[in-house]
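Examining the three-dimensional arrangement
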Amino acid sequence: MKRKLIAAVGVAAMMTGIAACGGDSSDNASKDPKDRTESLTVWLMVDAQSTWPELVKDVNAQFKKKYPKVKVDVQYQQWADKAKKLDTSLGGDKFPDVVELGNTETMQYILNGALAEIDPKKYDNSDTWIKGLKDTCTFEGKQFCVPYYAGARVAVYNKDMLKKGTGSDTLPQTEDELLAALDKVSAEYGKKDKRFSSLYLPGRYWYAAMSYVAAYGGSIAEYDEGAKEWKGNLSSAESQKGIEHFVNLVKKYNKADLTKDEQDHANVMANEKAALIYGNGWEAGSVVDGANNGNPKLEGKIATAGMPGPEGKALPSFIGGSDLAVTAKSKVTDLGEDWVSMFTSEKSQEVLTSKNILPNNEKQLEPLKSKPETAAVANAVPDAWFTPIAPGWTSIEKEEVLENMLLEILKGASAADAAKKADDKINELINK
């Protein structure tokens with residue numbers, strides 16, 4: 001879910017460590033739950049600590065009731081350094097038994113043998129898990145993690161700015177209508193501030209660019225059944241349409257630095273330099289969060305809606321979210337599986353949905369599709385796209401290929417030439 005978090009992993013060292021230990025002690029696994037005395041270490045991201053701490057507390061209470069003598073140690077991690085810490089711990093003798101992973105991280109650890117295989121039947125609503133999340137946990141027909149929660153990108157916009165420019169604070173439902181509205185907003189606010197962007201799309205925002213690629217039926221790469229390998233697909237006619245569409249929007253509406261990525265676009269909106277960004281649903285809260293460089297004065301003025309895309313359809317979103325896995329090195333994998341089962345149960349997912357967090361399954365997602373606070377992002381999830389489920393995709397290099405391609409085009413290179421260069425690089429890297 002978080003971009004550029006995968007650190008370089010010492011694969012050989014990790015695999016050696018995993019091979020040396022792991023698995024349940026048969027003696028302990030056969031004991032009555034009330035007689036188990038082991039410890040269970042759980043790594044959750046800080047989101048759980050700040051937003052749904054009561055869920056963690058309740059699940060730990062459920063677990064303690066079943067395993068009264070087992071000690072559960074929940075340790076909260078920051079996204080910025082979690083991957084590096086995890087890689088180091090898996091190479092040593094102090095490691096988590098259960099770990100939360102952003103859905104873009106999972107394949108790296110699956111391929112390194114760092115995650116234990118799980119049985120989906122042990123988990124609530126596994127038959128309706130959101131496909132985009134389930135796919136991030138699946139390799140060669142086997143499941144290695146459990147979907148935790150989902151996320152998607154939507155239009156995040158300033159209602160006052162839109163209304164002043166167009167007379168309505170409701171986001172248009174088609175792209176043609178949206179662009180006409182943005183032109184009016186640009187005319188209204190751009191005359192006072194030459195750096196104002198009615199639509200702020202950073203040039204290196206590859207997640208957004210690939211959404212436009214997906215909108216035209218293109219993709220980053222496709223699997224060639226005949227050759228039994230992945231091949232870059234950015235040069236295809238469909239992908240080219242999407243790339244050019246995105247670049248044209250950036251050039252027309254972004255009046256700031258075109259070479260930036262999206263990491264601070266919520267702050268750009270908070271500083272009232274943008275009327276609309278395309279971001280994660282939760283970023284609407286970031287815009288007004290004074291504790292994190294947001295602008296509390298915009299409280300009540302920031303809304304979300306489905307992002308209109310080309311040809312009268314909604315813009316396909318990248319599927320975001322987190323997964324939970326039991327590490328292969330764990331000596332208490334059965335305890336880890338049980339804790340994850342409790343933490344992702346239907347009852348636990350109800351806690352997340354009550355906070356407008358998207359659940360891991362279609363069944364509980366359905367009511368959120370008509371709830372005003374969640375409709376935009378909930379409706380964007382079922383048809384969302386994901387990066388290639390390919391062994392070689394997970395490193396930072398692949399993201400840089402896409403960013404570099406976009407920058408080359410923005411600096412004057414032809415989309416066809418830049419895409420061909422990117423495809424060649426993808427072919428070199430993705431099948432490693």
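Residues numbered from 1 in each chain as written. Predicted model: local features only at pLDDT ≥ 70, side-chain atom pairs only at ≥ 80, totals over all residues. Heavy atoms only, no water.

Where an unreviewed UniProt entry is consulted, the protein appears under the name Sugar ABC transporter substrate-binding protein, with the organism given as Streptomyces mutomycini.

The secondary structure content of the protein amounts to 19 helices and 13 strands. Against the globule reference of 22 Å for 432 residues, the protein gives a C-alpha radius of gyration of 23 Å, in line with a compact fold. Projected onto its principal axes, the C-alpha coordinates of the protein cover approximately 75 × 50 × 35 Å. A buried classification covers 55% of the 432 residues belonging to the protein. Sequence separation of at least 24 residues holds for 76% of the intrachain contacts in the protein that already meet a minimum separation of 6. For the protein, the exposed area adds up to about 18,400 Å²; of that, 49% sits on carbon and sulfur atoms. (Helix = DSSP H or I, 4+ residues; strand = E, 2+ residues; numbered from the N terminus. Rg over C-alpha atoms; globule rule 2.2 N^0.38 Å. Buried < 20%, exposed > 50% of the residue type's maximum accessible area, 1.4 Å probe, protein only. Contact = heavy atoms within 4.5 Å. Areas by Shrake-Rupley, 256 points an atom, 1.4 Å probe, with all protein chains shown as cover.)

Running from N to C, helix α10 (residues 206–215) and helix α11 (residues 237–253) cross one another at 135 degrees; their axes reach a closest spacing of 7 Å. If you check the angle between α10 and α11, you find them oblique. Here the hand of the crossing between α10 and α11 comes out right-handed. When α10 is examined against α11, the residues Ala 208, Ala 209, Tyr 212 and Val 213 are found in contact with a partner set consisting of Glu 238, Ser 239, Gly 242, Ile 243, His 245, Phe 246 and Leu 249. When grouped by side-chain class, the residues that make up the contact of α10 with α11 number 7 nonpolar, 3 polar and 1 charged. (Axes fitted to C-alpha atoms, helices over the stretch in contact; angles between N-to-C directions. Parallel < 35°, antiparallel > 145°, perpendicular 65-115°, else oblique. Left-handed = near helix turned anticlockwise from the far one by under 90°. Nonpolar A, V, L, I, M, F, W, Y, C, P; charged D, E, K, R; others polar.)

What follows deals with the sheet that holds strand β6 (residues 146–151). In a beta sheet, neighbouring strands pair by backbone hydrogen bonds and run either parallel or antiparallel. The strand order across the open sheet built from 5 strands is β2-β1-β3-β13-β6, with neighbouring strands paired in mixed fashion. Single-partner strands in this sheet number two, and they are β2 (71–77) and β6. Averaged over all pairs of adjacent strands, the angle between their axes in this sheet comes to 20 degrees, without regard to strand direction. Sitting on the sheet, helix α14 (residues 333–343) touches β1 (39–45), β2, β3 (98–102), β6 and β13 (320–326), and the angle it makes with β1 is about 45 degrees. (Pairing = 2+ DSSP bridges.)

With that out of the way, let us pick up empty space enclosed by the protein. To find the voids left in a structure, one rolls a probe of water-molecule size over its atoms. What the rule picks out here adds up to 2 cavities of 30 Å³ or more. Estimates place the volume of the second largest cavity at around 40 Å³. Lining the second largest cavity, in full, are Tyr 157, Asn 158, Leu 162, Leu 171, Leu 182, Val 185, Ser 198, Ala 275 and Leu 276. Contributions of two or more residues to the lining of the second largest cavity are made by β7 (153–158), α9 (175–190) and β11 (274–280). Looking at side-chain class alone, the lining of the second largest cavity contains 7 nonpolar, 2 polar and no charged residues. (1 Å grid on protein atoms, 1.4 Å probe; cavity = no way out; pocket = protein on both sides within 12 Å on 5 of 7 lines; lining within 4 Å. Points joined across faces, edges and corners; volume = space filled by probe spheres on them.)

Moving on, we come to the state of the cysteines. Taken as a whole and assessed by the stated rule, the structure comprises 1 disulfide. Each sulfur in the disulfide pair Cys 137 and Cys 145 lies 2.0 Å from the other. Handedness here is read from the sign of the S-S torsion; for Cys 137 and Cys 145, about -110 degrees, the answer is left-handed. Judged by its relative accessible area of 0%, Cys 145 is buried. (Disulfide = S-S within 2.5 Å.)

Looking now at the nonpolar core. If you look at the biggest cluster of nonpolar residues, it comprises 56 residues, and the most contacted ones within it are Leu 201, Met 210, Ile 220, Leu 234, Phe 246, Met 307 and Met 405. For Met 405, the residues in contact, after removing those within four places along its chain, are Met 210, Leu 234, Ile 243, Ala 418, Ala 419 and Ala 422. By size, the runner-up hydrophobic cluster in this structure holds 30 residues, among which are Val 74, Tyr 148, Val 332 and Leu 352. (Core = buried A, V, L, I, M, F, W, Y, C linked by side-chain atoms within 4.5 Å.)

Let's shift gears to the packing of aromatic side chains. In the structure shown here, the tally under the stated rule is 15 aromatic pairs. A ring pair is formed by Tyr 123 and Trp 129, whose centres lie 6.4 Å apart and whose planes are at 40 degrees; its orientation type is tilted. Classification of Trp 129 by relative accessible area gives buried; the value is 5%. Aromatic pair Trp 206 and Tyr 207: ring centres 4.1 Å apart, planes at 25 degrees, arrangement stacked. This pair shows no difference in class: Trp 206 is buried, exactly as Tyr 207 is. Put simply, the rings of Trp 52, Tyr 148, Tyr 149, Trp 339 and Phe 343 pair up and form one aromatic cluster. (Phe/Tyr/Trp six-rings, centres within 6.5 Å; stacked < 30°, edge-to-face > 60°.)

All right, on to the sheet that holds strand β12 (residues 302–305) then. One open sheet holds the 4 strands; their spatial order is β8-β11-β7-β12, and the pairing between them is mixed. At either margin of the open sheet sits one strand with a lone partner, and together these are β8 (197–199) and β12. Each strand of the sheet is rotated relative to its neighbour by a mean of 35 degrees, with strand direction disregarded. Relative to β11, β7 is paired through 5 bridges, and the arrangement is antiparallel. When the sheet's bridge partners are listed, Ala 155 is paired in β11 with Tyr 278. Together, β8 and β11 form the strand contacts of α9, whose direction differs from that of β8 by roughly 165 degrees.

Along its 12 residues, helix α5 (residues 79–90) runs 17 Å from first to last C-alpha, staying within 8% of the 16 Å computed at 1.5 Å per residue. Along α5, the residues that are buried comprise Trp 79, Lys 82, Ala 83, Leu 86, Asp 87, Ser 89 and Leu 90. Along the axis of α5, the buried residues cluster in a sector spanning 165 degrees; they form a single face. Exposed positions of α5 whose direction lies more than 90 degrees from the buried face are Ala 80, Lys 84 and Thr 88. (Expected span 1.5 Å × (residues − 1). Arc of directions from axis to C-beta.)

Looking now at the packing of α9 against α11. At a closest axis distance of 12 Å, the pairing of α9 and α11 adopts a crossing angle of 20 degrees. Relative to α11, the element α9 is oriented roughly parallel. Two packed elements cross with a definite hand, and for α9 against α11 that hand is right-handed. Only His 245, Leu 249, Lys 252 and Tyr 253 of α11 make contact with α9, whose side of the interface consists of Glu 175, Leu 179, Leu 182, Asp 183 and Ser 186. Grouping the amino acids of the contact of α9 with α11 by side-chain chemistry returns 4 nonpolar, 2 polar and 3 charged.

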